[in-house]
Amino acid sequence: MKSWQFTTRWLLSSQFAARVLGLVNNVLLARLLAPASYGDFTQAMAIAGSLAPLADMGVSAIITRHVARRPRASAVLSAAIGLRMMQGVLLWGMAVLGAWWIYNAPSLRLALALAGAYWAVACIHQLLAGAARARLQAHIETRAVVLERVTTVLLAAGGALWLGLGGALLGVLAGGALALIFYLRHLPLPRARAHPLIWRLLLAFGAPLAIGDVCHGLIMRVDILAVGMRYGSQSVGWYGSASTLLWASNLVAGSMSLAMIPVAASQGEGAHGVASRVLRWMLTVAMLLAVVLSGGAEFWVSLLYGAEYTPASDALRVLAWCLVPASVVAWGNAVLLVRGRTTWVGVVAAGGLACLLLCLWWWIPHGLSGAGYAQLVTQCGMAGWLWWLTRKE
């Protein structure tokens, strides 16, 4: 339990820095770009971010569990690094092709290509951060995250001020590149190698998690894209600001579940006690945050984004309550991963995506609040399913 608390403290620091500085970055960009341009920024990042799980294919979680159980193993990690570099290039290529297919305006095509490049770099971050976490070196991840976010805030704001949308995305990409250099300099890593046999095994074991990651990525973003398709860029800017506040507030659930994976995987039979205590903490904090966000929705939106974003308040009042079921979802996925029941992670996520699409079809005509209710119902359904699965075993 002490190792979990140590890792959790560093991960909380990392997640706190990521969420707070990320929120600062989004607030600055929203004020510098105005709702319509900020909506374009949000859509580009959402589309590229939806493709990002395809560049992971569940490998990061598999590596975290593997390194936690075999800290000195290097062959699998070196193969995973080589595989991730190839996957990052593939992700960027998909984003470039998608940009030419989706957008007609050259500026929006460039925006999606830059967003794809950032997410390709971020996918390498994810793998290296998992290795650091598994070795109980989460302080390296924390420092890399702080470096990335601080430089991103400065460079993206400056780029938005001078160059607009493209400048903002260039600043985001530069921040990600600096963090990658930090990981490579400070984290002891084997040299990246091509191991086709290990690649096949990693992809085979990670396939259910890959399905889950793709579906979870879409669940976090498809409501934003649906709002854009129905109501346009300005409404995306409003709804995207509320969604940013929601997921920025979800730092405790994410940190605790991430820290639980390597610790529970290394403790074997003692994992049940760790998981129960983690869940109690996650639910307590999530409930407090939900009350604060929902009750003061108009205050938080006006304070952070300004009067132009007041329509986001109604969506935030609904979205805030997603924090409670989202905590159970994060916890349940971590428990199933530790138990090796990765197939169910993908099944539940796929079911959640289907539920969200159905709910959006039904509720999106009711405005931004309708999209929020679709997200809330989806999170509750996934939480109930995962709770039943974890208690069943």
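Further up the page is the structure itself.
About the criteria used
Residues numbered from 1 in each chain as written. Predicted model: local features only at pLDDT ≥ 70, side-chain atom pairs only at ≥ 80, totals over all residues. Heavy atoms only, no water. Helix = DSSP H or I, 4+ residues; strand = E, 2+ residues; numbered from the N terminus. Buried < 20%, exposed > 50% of the residue type's maximum accessible area, 1.4 Å probe, protein only. Contact = heavy atoms within 4.5 Å. Salt bridge = Lys/Arg side-chain N within 4 Å of Asp/Glu carboxyl O. Disulfide = S-S within 2.5 Å. Core = buried A, V, L, I, M, F, W, Y, C linked by side-chain atoms within 4.5 Å. Phe/Tyr/Trp six-rings, centres within 6.5 Å; stacked < 30°, edge-to-face > 60°. Arc of directions from axis to C-beta. Expected span 1.5 Å × (residues − 1).

A. Focus on the overall build of the chain. Looking only at helices and strands, the chain has 15 helices and zero strands in total. The buried share of the chain, reckoned over its 393 residues, is 59%. Expressed as a percentage of contacts within the chain between residues at least 6 apart in sequence, the contacts between residues at least 24 apart total 84%.

B. View of the pattern of salt bridges. On inspection of all chains with the given rule, the structure shows two salt bridges. A salt bridge links arginine 317 to glutamate 298; the nearest nitrogen and oxygen atoms lie 3.7 Å apart. Placement of arginine 317 in helix H12 (residues 312–319) and of glutamate 298 in helix H11 (residues 297–305) is noted, with a sequence separation of 19 residues between them. Judged by relative accessible area, arginine 317 falls into the partly exposed class, the value being 32%. By relative accessible area, which is 44% here, glutamate 298 ends up partly exposed. Between arginine 317 and aspartate 314 there is a salt bridge, with its nearest N and O atoms 2.7 Å apart. Here aspartate 314 and arginine 317 lie together in helix H12, a separation of three residues that amounts to about one turn. Judged by relative accessible area, which is 42%, aspartate 314 ranks as partly exposed.

C. Fine view of the state of the cysteines. Considering all chains together, one arrives at zero disulfides under this definition. Left without a disulfide partner, cysteine 355 is nearest to the cysteine sulfur of cysteine 359, which lies 3.9 Å away. According to the relative accessible area criterion, cysteine 355 is partly exposed, its value standing at 24%.

D. Highlighting the nonpolar core. Of all hydrophobic cores here, the largest spans 94 residues; its most connected members are Leu29, Phe41, Met45, Leu169, Tyr239 and Leu360. Tallying contributions element by element places helix H4 (residues 106–134) first for this core, with 16 residues. Methionine 45 has contacts with Ala115, Tyr118, Trp119, Leu169, Val172 and Arg221, leaving out every residue within four places of it along the chain.

E. Fine view of the environment of leucine 316. Note on placement: leucine 316 falls in helix H12. Sequence separation between leucine 316 and threonine 244 is 72 residues, and the spatial gap between their C-alpha atoms is 9.7 Å. Beyond its immediate sequence surroundings of up to four residues, leucine 316 is in contact with Ala242, Leu245, Leu293, Ala297 and Val301.

F. Structural detail: the side chain of threonine 244. Looking at where threonine 244 falls in the secondary structure, it is placed in helix H8 (residues 233–248). Filtering out sequence-adjacent residues up to four positions away, threonine 244 remains in contact with Leu23, Asn26, Tyr38 and Tyr305.

G. Layout of the packing of aromatic side chains. In this structure the tally under the stated criterion is nine aromatic pairs. With a centroid separation of 6.2 Å and an interplanar angle of 15°, the aromatic rings of tyrosine 38 and phenylalanine 41 are classed as stacked. Highlighted residues: tyrosine 38 and phenylalanine 41, both in helix H1 (residues 2–51), separated by three residues, approximately one helical turn. Given the relative accessible area of 0%, tyrosine 38 is considered buried.

H. Structural detail: H11. Among the residues of H11, Ala297, Val301 and Tyr305 are the ones counted as buried. Taken end-on, H11 shows its buried residues confined to a sector of 25°, consistent with a single buried face. Where H11 terminates, the next one or two residues include glycine 306, which has phi positive at roughly 100°.

I. Region of the structure containing helix H14 (residues 342–363). Taking 1.5 Å of rise per residue, 22 residues should cover 32 Å, and H14 covers 31 Å from first to last C-alpha, within 8% of that figure. Of all the positions in H14, only Thr342, Val345, Gly346, Val348, Ala349, Gly352, Leu353, Leu356, Cys359 and Leu360 are classed as buried. Seen from one end, H14 has its buried residues packed into an arc of 165°, which puts them on one side. Along H14, exposed side chains directed more than 90 degrees from the buried face belong to Thr343, Leu358, Trp361 and Trp362.

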